[in-house]
Amino acid sequence: STLDRSSAASDVYKRQLFDPLALPGLTLANRVVMAPLTRNRSPQAIPGPVTATYYAQRASAGLIVTEATAISHQGQGYADVPGLYAPEQLDGWQAVTDAVHAEGGKIVTQLWHVGRISHNQLQPDGQAPVAPSAIQAKGKTYLIDADGKGHFAPTSLPRALALDELPGIVGDYRRAARAAVDHGFDGVEIHAANGYLIDQFLRSGSNHRTDAYGGSIENRARFLFEVVQAIADEIGAERTGIRLSPVTPANDASDPDAQPLFEHVIRGLARYPLAYVHTIVGATGGPRDHQQGDQPFDYAAYKQAYRQAGGQAAWMLNNGYDRALAEQAVASGEADLVAFGKAFISNPDLVERLRQDAPLNAWDASTFYGGGEHGYTDYPTLAQQAG
Ligand code: 8OZ
């Protein structure tokens, strides 16, 4: 394997943010990753030609992780987010992956089931969203009215999933992963972060089950491992990544004891030869030093638990990284890959800007969610600004 796992070798070879990374299933041109970014620009859950342009403009990223993409209608929780379960959606994604590959990029899709972070009006037949337990999240989802105006709205009360429904949802993950690679994706990222379905199973705040999927840490992690196993069986672990957010409060995610929970999860993940493990440091889009419970999360111990258990996947970190912090993280061996979010929204050529230490375009938060090409495909590159 050409995967560089030898942090001890850094005397002679100092890894840099702009060096390639050859993973067993995925060769990346550099260590700068485009983080998954929800943009709400896919009416009928179909990514259109503008979405292909948007991702192709950002193909110089070492890896693009698409916006979170629903594995099923039940997995939908926001207006105009894309899916991976209908033929027209998959045709749309084929155009996206073709466009990114034509520019020399690599792209994986983020497999998403929102669980309770949804609204009856987004669910099949207006039903309640599903969750480990019937506990409403203190949080918001995003709806678009008939007049096309978007707004945030409280999430609906979910119903608890029956035991015999879980294999069907695992099957939806498997099917979506297969469809993704059949439509040109280089792999998938399992969205196990930010208070969505898998994270709802993990955390004691949202999981009050008394069956084999609730209670102990082992039980709460069972659903996650079933999803990982199914996807690894279907497309190969080397084309599979996973995103975790050990302490985020996003979407009412809560567990006072994150350290043993996520060390159990990360040790279990070491059993699979995954492409990468992607960790959000702190509160998603917020403070990097956020904590759950009364102890700061020990990220070094968490990573060490993974390596000691034999885990060899590339280590991807995200949240609040700038150029200096990212270079330091990669050069020190703390991270193999660093994912940038908002900076990629406003800088299609972010890699080149970082390489030159050029100024970055500011982002316009008012065009993050919903809308058209403005704030989506009209941010200029350095070359466009110079011309
Ligand atoms: C922002 C708005 C809606 C969804 C996440 C998928 O936080 C999201 C998301 C982010 O992971």
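Residues numbered from 1 in each chain as written. Predicted model: local features only at pLDDT ≥ 70, side-chain atom pairs only at ≥ 80, totals over all residues. Heavy atoms only, no water.

**Thoughts on the environment of Glu165**
On the secondary structure map, Glu165 appears in the loop between strand 9 (159–160) and helix 3 (166–182). Taking C-alpha positions, Glu165 is 24 Å from Arg243, a pair spaced 78 residues apart along the chain. Each residue touching Glu165, except ones within four places of it in the same chain, is listed here: Arg159 and Ala160. For Glu165, the side chain forms a polar contact with the side chain of Arg159, separated by 2.8 Å. A polar side-chain atom of Glu165 sits 2.7 Å from the main-chain amide nitrogen of Ala162. (Helix = DSSP H or I, 4+ residues; strand = E, 2+ residues; numbered from the N terminus. Contact = heavy atoms within 4.5 Å. Polar contact = N/O pair within 3.5 Å; in protein donor to acceptor, adjacent residues only side chain to side chain.)

**Observations concerning the site of the ligand**
The local shell around the ligand consists of Thr38, Ala68, Tyr78, Trp112, His191, Asn194, Tyr196 and Tyr369. With respect to the ligand, the side chain of His191 contributes an N or O atom lying 2.7 Å from an oxygen atom. Here the ligand has 300 Å² of accessible area as a free molecule, and 81% of this is covered by the chains. (Near = heavy atom within 4 Å. Areas by Shrake-Rupley, 256 points an atom, 1.4 Å probe, with all protein chains shown as cover.)

**Re the pairing of strand 14 (residues 337–340)**
On strand 14, burial covers both faces: Leu337 and Ala339 on one face and Val338 and Phe340 on the other are all buried. Pairing geometry for strand 3 (residues 32–34) and strand 14, over three bridges, is parallel. Within strand 14, the residue paired with Val33 across the bridge is Ala339. Here three bridges tie strand 13 (residues 314–318) to strand 14, and the two strands are oriented parallel to one another. Looking at the pairing, Leu317 lines up with Val338 of strand 14. (Buried < 20%, exposed > 50% of the residue type's maximum accessible area, 1.4 Å probe, protein only. Pairing = 2+ DSSP bridges.)

**Here we look at helix 2 (residues 87–102)**
Under the 1.5 Å per step criterion, the end-to-end length of helix 2 is 22 Å for 16 residues, consistent within 8% with the ideal 22 Å. Every buried residue of helix 2 is accounted for by Gln89, Leu90, Gly92, Trp93, Val96, Thr97 and Val100. For helix 2, the buried positions fall inside an angular range of 155° around the axis, keeping them on one side. Away from its buried face by more than 90 degrees, helix 2 exposes Pro87, Asp91 and Ala102. (Expected span 1.5 Å × (residues − 1). Arc of directions from axis to C-beta.)

**Here's the deal with the nonpolar core**
Counting residues in hydrophobic clusters, the biggest one holds 88 residues, and the most contacted among them are Phe223, Leu224, Ile242, Leu244 and Leu269. By residue number, the principal contributor to this core is helix 5 (residues 217–235), which donates 11 residues. Contact partners of Leu244, with chain neighbours within four places excluded, come to Ala192, Ala193, Leu224, Phe262, Val265, Ile266, Leu269, Val277, His278, Thr279, Ile280 and Tyr302. Grouped together as the second largest cluster of nonpolar side chains are 15 residues, Leu26, Val108, Tyr276 and Met316 included. (Core = buried A, V, L, I, M, F, W, Y, C linked by side-chain atoms within 4.5 Å.)

**Some points on the packing of helix 3 against helix 5**
For the pair helix 3 and helix 5, interaxial distance at closest approach is 9 Å and the crossing angle is 35°. The element helix 3 and its partner helix 5 pack so that their crossing is right-handed. In contact with Leu166, Ile169, Val170, Tyr173, Arg174, Ala177, Arg178 and Val181 of helix 3, helix 5 contributes Phe223, Glu226, Val227, Ala230, Ile231, Asp233, Glu234 and Ile235. When its residues are assigned to classes, the contact of helix 3 with helix 5 shows 11 nonpolar, no polar and five charged. (Axes fitted to C-alpha atoms, helices over the stretch in contact; angles between N-to-C directions. Left-handed = near helix turned anticlockwise from the far one by under 90°. Nonpolar A, V, L, I, M, F, W, Y, C, P; charged D, E, K, R; others polar.)

**Structural notes on the pairing of strand 7 (residues 140–144)**
Consecutive side chains of a regular strand alternate in pointing toward one face of the sheet and then the other. Pairing between strand 7 and strand 8 (residues 150–154): five bridges, direction antiparallel. Paired with Tyr142 across the strands is Phe152, a residue of strand 8. Once strand 7 ends, the chain turns through five residues before running back antiparallel as strand 8, passing Gly148 with a positive phi of about 90°.

**Brief notes about the packing of aromatic side chains**
Tallied over the full model, the rule gives 18 aromatic pairs. Ring geometry for Tyr78 and Trp112: centres 5.4 Å apart, planes at 20°, overall stacked. Note that Tyr78 is positioned in the loop between strand 4 (63–70) and helix 2 and Trp112 in strand 5 (residues 107–112), a separation of 34 residues in sequence. On the basis of relative accessible area, Tyr78 is assigned to the buried category, the value being 9%. Take Trp112: its relative accessible area is 1%, and that puts it in the buried class. Members of the aromatic cluster, each reached through a chain of ring pairs, are Tyr54, Tyr55, Trp93, Phe185 and Tyr376. We note Arg288 situated over the ring of Tyr321; from NZ or CZ to the ring centre the distance is 4.4 Å. (Phe/Tyr/Trp six-rings, centres within 6.5 Å; stacked < 30°, edge-to-face > 60°. Lys NZ or Arg CZ within 6 Å of the ring centre and 35° of its normal.)

**Points about the confidence of the model for the protein**
Per-residue confidence for the protein gives a mean pLDDT of 95; residues scoring 70 or more make up 96%. Taken together, the stretch residues 6–12 has pLDDT below 50 and engages in one contact with residues farther than four places along the chain or on a different chain. (pLDDT = per-residue confidence, 0-100.)

**Focus: the packing of helix 5 against helix 6 (residues 258–269)**
At a minimum axis separation of 10 Å, helix 5 and helix 6 run at an interaxial angle of 35°. Once helix 5 is placed against helix 6, the crossing between them reads as right-handed. Seen from helix 5, the contacting residues are Ile217, Glu218, Arg220, Ala221, Leu224, Phe225 and Val228; seen from helix 6, they are Pro260, Leu261, His264, Val265, Gly268 and Leu269. Of the residues that constitute the contact of helix 5 with helix 6, the class distribution is nine nonpolar, two polar and two charged.

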